[in-house]
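The chain contents come next:
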Amino acid sequence: MEPTSSLADKADGRPTARATGQGSNWLDTYFGASRRGSTVKTEILAGIATFLASMYIIVVNPAILSDAGIPFSAALSATVLISFMSSLAMGLYARNPILVAPGMGMNALFTYTLVLGAGLSWEVALGCVFWSGVLFATLAMFNVREAIIDAIPPSLRYAITCGIGLFITFIGFKNAGFIVGSDATLVTLGNMDASLITFFIGMMATAILVIMRFNGALILGIALTTLLATPMGRLWGGDVVVEWNGLAAWPDFSAVMKVDIWGALKVAYLPFIFVMLFTNFFDALSCFMALSESADLKDKNGNPRNLKRSMTVDAFASMIAAPLGTSAAQTFIESGAGVAQGGRTGLVAVTIALLFLPFLFLSPLLSLVPGIATAPALVLVGLFMLAPISKIDWSRFEQAFPAFLAIILMPLTYSITLGIAFGFLSFVLIKFATGKLYDIKPAMWVSAALSVVMLVTTH
C-alpha cells in the first residue's frame, strides 16, 4: 500500500517520493510512470494482466458477428485491428491504462437486435455503428456529458447494464444448446448429449478458474472447452466438429469499407443509432469513473484524469470500427485487472495494443473454437455485468418498475432496444401520471419519443 500523502501528489502530477532517482529511460519520461508511483516494468506487467483478462474478445466477438453474416476471419481481423489502434491511441494520446476493444453488449445489440431482429443487413448495421460514433464524438467534443448524466436516472443506467448481461448469458446458453425452444413452454433444457455435457464441464471449469482468480480465466476456459470438444463430432456424432485448418494466414480484410453509411440514415434506424450511442457513452463514462476511483486516476479537481481525451478516443474507436467491419469498440472494465497490478499510465494500454497485433495472423488457429467453447465465456460475462443490480433502490417502486422492465424484457424479447425503450417509456409515464414532471429532463423526453418511433416503425 502507498502512503496516503502520495496519492494527492499523483493526482495533480507532482513527483512522489518514490520517483526520486527514476525516469532514466524515455518510456518513463514520456508516460510518467515514476511520477505516478509506478515503474516501466510494473506498467508492462499490468498490460499483460489486462490482456489476459480480456483476450477472450478475440474469439468471442467474431463468433457473435458471424451470426450476423460477417465472415469469422474478417470479423477477427477487424477485432484485432480496432483493439490495437484504439488501445494505442488511449495510451499515447489519453495516457490512461485502459483497454478499448469491441464491447460485449454492443456486438449482441448489433447482431441479435439490428440484424437478426430488425432485419437490417450487416452493412447497414455497420452504418448505424458509424453514425453513433459520430454523435459520440460530437458529445465528447462539446463536453456535454454532465447534462446527459443528469437526465438519465441512475436506476435505469444500472438496469440497462444488467439487462444486457442477462441477454448475453441467454445467448450463451442458446449457442451451447443448453436452452432450446419448446412449443409447450417456449424454452426448455436441451438434450443431455455429449455437446451439452462438454459445455457444462467447460462452464463449471471456467467459473472455478474465475473464483480462483486465474489471470485469463475466460480464455483458459475457452481453450479447455475446445480441447474437450475436439473428439466430440467423431466419437459421438453431432454437428460440433473441431477441424485443424492451419496455424496462420494473412489477415482477411473482406469486410473493410463494406459499411453502408448513407443507407443507415433512415428515420426508422434513428432509435438504433441512439441506443448504440447511449449504451456506448454510458459504458465508457461509468468505466472511466470506476477505474479513476479504484486507482486514484484523478486530476487536481478530483475528476477522472484526461476524461475528455479518453472519451474522444472512445468515440474515435466507435467511428473507425464500422469501416473496419466490426461493432463499436468501447472501454473495457477488465482494465481493472491491470490497475490492480499497479498500472497507472498509458504504457499499460500501449502494451495491450502490441499484444493484440500477432493475433491478426492467427485466424485459422482461432477458427478451431466451436460455439460451445465460447458459450461459457458469454455466461460468465453476463454474470459480471449484473454487478450494478445491487445499486438499484428496489424499495422505491417508481424507480424499481422501469428498471425491472428494462432488465427482464431484454432477454425475454431477445432485444436490447426493446428493453431500453420500455424502460424509458415507463419511467416517463410514471412521472407524468404522478405529477412529477420536474423529474423528467429534456433528454428523457427525447429518449421516450425515440422509443415510440422505434416501436411504431419496427413492430
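Note that the coordinates shown come from a computational prediction; the quantities given were computed from them, not determined experimentally. (Residues numbered from 1 in each chain as written. Predicted model: local features only at pLDDT ≥ 70, side-chain atom pairs only at ≥ 80, totals over all residues. Heavy atoms only, no water.)

Engineer: Give a detailed account of the overall build of the chain, specifying residues and quantitative values.
Structural biologist: On a plain count of helices and strands, the chain comes out with 21 helices and 4 strands. Residue burial in the chain is summarised as follows: out of 459 residues, 56% are buried. Put simply, 76% of the contacts in the chain that link residues at least 6 apart link residues at least 24 apart. Surface summary for the chain: the accessible area is close to 19,200 Å², and the carbon and sulfur share equals 67%. (Helix = DSSP H or I, 4+ residues; strand = E, 2+ residues; numbered from the N terminus. Buried < 20%, exposed > 50% of the residue type's maximum accessible area, 1.4 Å probe, protein only. Contact = heavy atoms within 4.5 Å. Areas by Shrake-Rupley, 256 points an atom, 1.4 Å probe, with all protein chains shown as cover.)

Engineer: Can you explain helix H4 (residues 57–66)? Please cite residues and give values.
Structural biologist: Within H4, 8 of the 10 residues are buried, which leaves the element mostly enclosed by the surrounding structure. Within H4, burial applies to Ile 57, Ile 58, Val 59, Val 60, Asn 61, Pro 62, Ile 64 and Leu 65.

Engineer: Any chance you could break down the nonpolar core for me, citing the residues and the numbers?
Structural biologist: By size, the foremost hydrophobic cluster in this structure holds 127 residues, and its most contacted members are Tyr 56, Ile 58, Met 104, Phe 110, Phe 199, Met 311 and Phe 424. Take this core: its biggest share by element is 14 residues, from helix H13 (residues 270–295). Among all residues touching Phe 424, those that are not within four sequence positions of it are Ile 152, Leu 156, Ile 160, Phe 274, Phe 278, Met 444, Ser 447 and Ser 451. One finds Ala 159, Ile 392, Ala 403 and Ile 407 within the second-largest nonpolar core, a separate group that totals 6 residues. (Core = buried A, V, L, I, M, F, W, Y, C linked by side-chain atoms within 4.5 Å.)

Engineer: Break down the environment of Leu 81 for me, citing the residues and quoting the values.
Structural biologist: With respect to the helices and strands, Leu 81 occurs in helix H5 (residues 72–94). Looking at Leu 81, the relative accessible area reads 16%, which means it is buried. Between the C-alpha atom of Leu 81 and that of Phe 356, which follows or precedes it by 275 residues, the distance is 8.1 Å.

Engineer: Describe the packing of aromatic side chains, and please don't skip the residues or the numbers.
Structural biologist: Tallying each qualifying case throughout the model produces 14 aromatic pairs. With a centroid separation of 5.9 Å and an interplanar angle of 40°, the aromatic rings of Phe 51 and Phe 359 are classed as tilted. You can see Phe 51 sitting in helix H3 (residues 40–54) and its partner Phe 359 sitting in the loop between helix H16 (346–356) and helix H17 (363–366), a full 308 residues away along the chain. Assessed through its relative accessible area of 16%, Phe 359 is described here as buried. Consider the rings of Trp 131 and Trp 262, whose centres lie 6.0 Å apart with planes at 55°: the pair is tilted. (Phe/Tyr/Trp six-rings, centres within 6.5 Å; stacked < 30°, edge-to-face > 60°.)

Engineer: Explain the packing of H3 against H16 to me, using residue names and the numbers behind them.
Structural biologist: Put simply, H3 and H16 touch, their axes get as near as 8 Å, and they point 50° apart. The orientation of H3 with respect to H16, classified from their angle, is oblique. Every pair of crossing elements has a handedness; the one defined by H3 and H16 is right-handed. Taking contact as the criterion, the partners of Val 40, Glu 43, Ile 44, Ala 46, Gly 47, Ile 48, Thr 50 and Phe 51 in H3 are, on H16, Leu 347, Val 348, Thr 351, Ile 352, Leu 355 and Phe 356. (Axes fitted to C-alpha atoms, helices over the stretch in contact; angles between N-to-C directions. Parallel < 35°, antiparallel > 145°, perpendicular 65-115°, else oblique. Left-handed = near helix turned anticlockwise from the far one by under 90°.)

Engineer: Which residues make up the pairing of strand E3 (residues 186–189), and what values do they have?
Structural biologist: With 4 bridges joining them, strand E2 (residues 179–182) and E3 adopt antiparallel strand pairing. Bridge pairing links Ser 182 to Leu 186 in E3. What sits between the antiparallel neighbours E2 and E3 is a turn of 3 residues. (Pairing = 2+ DSSP bridges.)

Engineer: Explain the side chain of Thr 226 to me, and be specific about the residues and the numbers.
Structural biologist: Turning to its location among the elements, Thr 226 is positioned in helix H11 (residues 217–229). Note on Thr 226: relative accessible area 11%, which makes it buried.

Engineer: Describe unusual backbone geometry, and please don't skip the residues or the numbers.
Structural biologist: One non-glycine residue, Arg 213, lies in the positive phi region at around 60°. Residue placement: Arg 213 occurs in the loop between helix H10 (194–211) and H11. In this model, Met 257 sits at a positive phi of 60°, which is unusual for a non-glycine residue. Its location among the elements puts Met 257 in the loop between helix H12 (232–235) and H13. For Met 257, a relative accessible area of 58% puts it in the exposed group.

Engineer: An account of the environment of Thr 417 is requested, with residue identities and associated values reported.
Structural biologist: Here Thr 417 is to be found in helix H20 (residues 416–433). Judged by its relative accessible area of 2%, Thr 417 falls in the buried class. Along the chain, Thr 417 and Thr 113 lie 304 residues apart, while their C-alpha atoms are 7.2 Å from each other.

Engineer: So what's going on with helix H19 (residues 397–413)? Residues and values would help.
Structural biologist: Each α-helix winds once per 3.6 residues, and so residues spaced three or four apart point in a common direction. Here H19 contains 17 residues, and its C-alpha end-to-end distance of 23 Å stays within 8% of the 24 Å for a straight helix at 1.5 Å per residue. Three or more residues of H19 are buried, namely Glu 398, Ala 400, Pro 402, Ala 403, Leu 405, Ala 406, Ile 407, Leu 409, Met 410 and Pro 411. (Expected span 1.5 Å × (residues − 1).)

Engineer: If you had to explain the confidence of the model for the chain to someone new, which residues and values would you point to?
Structural biologist: For the chain, the mean per-residue pLDDT works out to 84, and 87% of the residues sit at or above 70. For the chain, helix H1 (residues 4–12) is the element with the lowest average pLDDT, namely 38, and H5 is the one with the highest, namely 95. Counted against residues more than four places away or in other chains, residues 1–24, with its pLDDT under 50, gives 37 contacts. (pLDDT = per-residue confidence, 0-100.)

Engineer: Just give me the short version of the pattern of salt bridges, but keep the residues and values in it.
Structural biologist: Here the idea is simple: oppositely charged side chains can pair when their charged atoms come close. In the structure shown here, the tally under the stated rule is 4 salt bridges. Between Glu 398 and Arg 396 there is a salt bridge, with its nearest N and O atoms 3.0 Å apart. Overall, Glu 398 belongs to the buried group, its relative accessible area being 17%. For Lys 436, the salt bridge is made with Glu 398, and the minimal N-O distance between the two is 2.9 Å. Taken together, the residues Lys 436 in the loop between H20 and helix H21 (442–458) and Glu 398 in helix H19 connect sequence positions 38 residues apart. Assessed through its relative accessible area of 24%, Lys 436 is described here as partly exposed. Bridged by salt links that share partners, the residues Arg 396, Glu 398, Lys 431, Lys 436 and Asp 439 form one connected network. (Salt bridge = Lys/Arg side-chain N within 4 Å of Asp/Glu carboxyl O.)

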